[in-house]
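Listed below, chain by chain, are the residues.
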Number of protein chains: 2
Amino acid sequence: MTHDHLSDKIMRRAVALATAAGAAGEVPVAAIITDTEGQIIAEAVNAMEEMGQATAHAEMRVIQMAMVKTGIARLSDYDIWVTLEPCAMCAGAISHARLRRLYFGAYDPKGGAVEHGPCLFSQKTIHHQPEILGGIYERACAELLGKFFKEKRDSSA
Amino acid sequence: MTHDHLSDKIMRRAVALATAAGAAGEVPVAAIITDTEGQIIAEAVNAMEEMGQATAHAEMRVIQMAMVKTGIARLSDYDIWVTLEPCAMCAGAISHARLRRLYFGAYDPKGGAVEHGPCLFSQKTIHHQPEILGGIYERACAELLGKFFKEKRDSSA
């Protein structure tokens, strides 16, 4: 599979997962971890509502799942795909997990920590920096979030 | 109990937990969450070795435990005590959890994200900043870590 076809496949899957999470009342964000062949090893959605935990972001959950599944504490041969630019907590976790590549969809100027705010991977105290590709499937990922928050505002208006 | 006596009690407990974790082969860091009365709600040590997870820092674990125990997703009425300055992942989690105060022991110029590196709580994209008191029981917390890493170096030399 070419890289473009792989990106399409994984990000379409991530958008579908995020959409389902949004329908269940979660902020619609999903994350997937693949191996070097592009096989999906673990996938998770934001589950802050379901789990009642403010730290249950999709990235934290999928990293923990992948470590349990592979039995490996450092995921150097794995890539993470996220529908939204990770926050500081999740970017820190991606660094600790030593993930090879970070692909993300929508940019998050308000809470993102990769291209915004602390730009965490540019900090000297961050000991591992993945290759980073942002803006993949950006429109679909961003529209999903925009629609979710608009509906939330409309329903509480 | 005066605040000083409370600090003594909690930090002594945290140092004891961290010491035990170090004896079990973990990097000796411990975290405790207390309520406004100073009662301990949850306590955890760094468990990266035991759990095989690079993200199993004491702070992440104790925050998740406290949320499960209290059933509350935002811990605005709780304080966190850590033997070491939190990293970016854990500082991000402390912000998401809305913890009221962060007390920590040793400073961590290499990996800390509170007073070092991204100085996360000063970033505009971090939406909650706890009150911060660093350097409590600093010497005991730092000596513990120094001793652990020295023994590790000596045993692999």
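Here the structure is a predicted model, which is why all the values come from computation and not from measurement. (Residues numbered from 1 in each chain as written. Chains lettered and ligands numbered in written order. Predicted model: local features only at pLDDT ≥ 70, side-chain atom pairs only at ≥ 80, totals over all residues. Heavy atoms only, no water.)

**Structural notes on the overall build of chain A**
Within chain A, the regular secondary structure consists of 5 helices and 5 strands. Secondary structure elements of chain A, listed N to C terminal, follow the sequence α-β-β-α-α-β-α-β-β-α. Over its C-alpha trace chain A gives a radius of gyration of 15 Å, about what one expects of a compact globule, namely 15 Å for 157 residues. Each principal axis of the C-alpha atoms in chain A carries an extent, and together these give about 45 × 35 × 30 Å. Put simply, chain A has 157 residues, and 53% of those count as buried. Partitioning the contacts of chain A with sequence separation of at least 6, the portion at a separation of at least 24 is 58%. Accessible surface, chain A as shown: approximately 7100 Å² in total, 51% of it carbon and sulfur. Of the charged side chains in chain A, 16 are positive and 19 negative, and the gap between their average positions amounts to 2 Å. (Helix = DSSP H or I, 4+ residues; strand = E, 2+ residues; numbered from the N terminus. Rg over C-alpha atoms; globule rule 2.2 N^0.38 Å. Buried < 20%, exposed > 50% of the residue type's maximum accessible area, 1.4 Å probe, protein only. Contact = heavy atoms within 4.5 Å. Areas by Shrake-Rupley, 256 points an atom, 1.4 Å probe, with all protein chains shown as cover. Lys, Arg positive; Asp, Glu negative; His and termini not counted. Charge placed at Lys NZ, Arg CZ, Asp CG, Glu CD.)

**Some points on the interface of chain A and chain B**
Of the residues lining the interface, 32 residues belong to chain A; the matching set on chain B comes to 32 residues. Of the roughly 2300 Å² buried at the junction of chain A and chain B (both faces included), carbon and sulfur atoms supply 64%. For the chain A face of the interface with chain B, the top three residues by lost area are Ala54, His96 and Thr125 of chain A, together amounting to 22%. At the boundary of chain A and chain B, one finds 0 salt bridges. If you list the elements that add at least two residues to the side of chain A that touches chain B, you get helix H3 (58-70) and helix H4 (88-96) of chain A. Taken together, the residues of the side of chain A that touches chain B break down into 17 nonpolar, 13 polar and 2 charged. (Buried area = accessible area lost by both parts, 1.4 Å probe. Salt bridge = Lys/Arg side-chain N within 4 Å of Asp/Glu carboxyl O. Nonpolar A, V, L, I, M, F, W, Y, C, P; charged D, E, K, R; others polar.)

**Looking at the packing of aromatic side chains**
Residues and elements named next belong to chain B. Summed over all chains, the structure comprises 6 aromatic pairs over all chains. On the numbers, 3.7 Å between centres and 5° between planes, the contact of tryptophan 81 with tyrosine 103 is stacked. Taken together, the residues tryptophan 81 in strand E3 (residues 79-84) and tyrosine 103 in strand E4 (residues 101-106) connect sequence positions 22 residues apart. (Phe/Tyr/Trp six-rings, centres within 6.5 Å; stacked < 30°, edge-to-face > 60°.)

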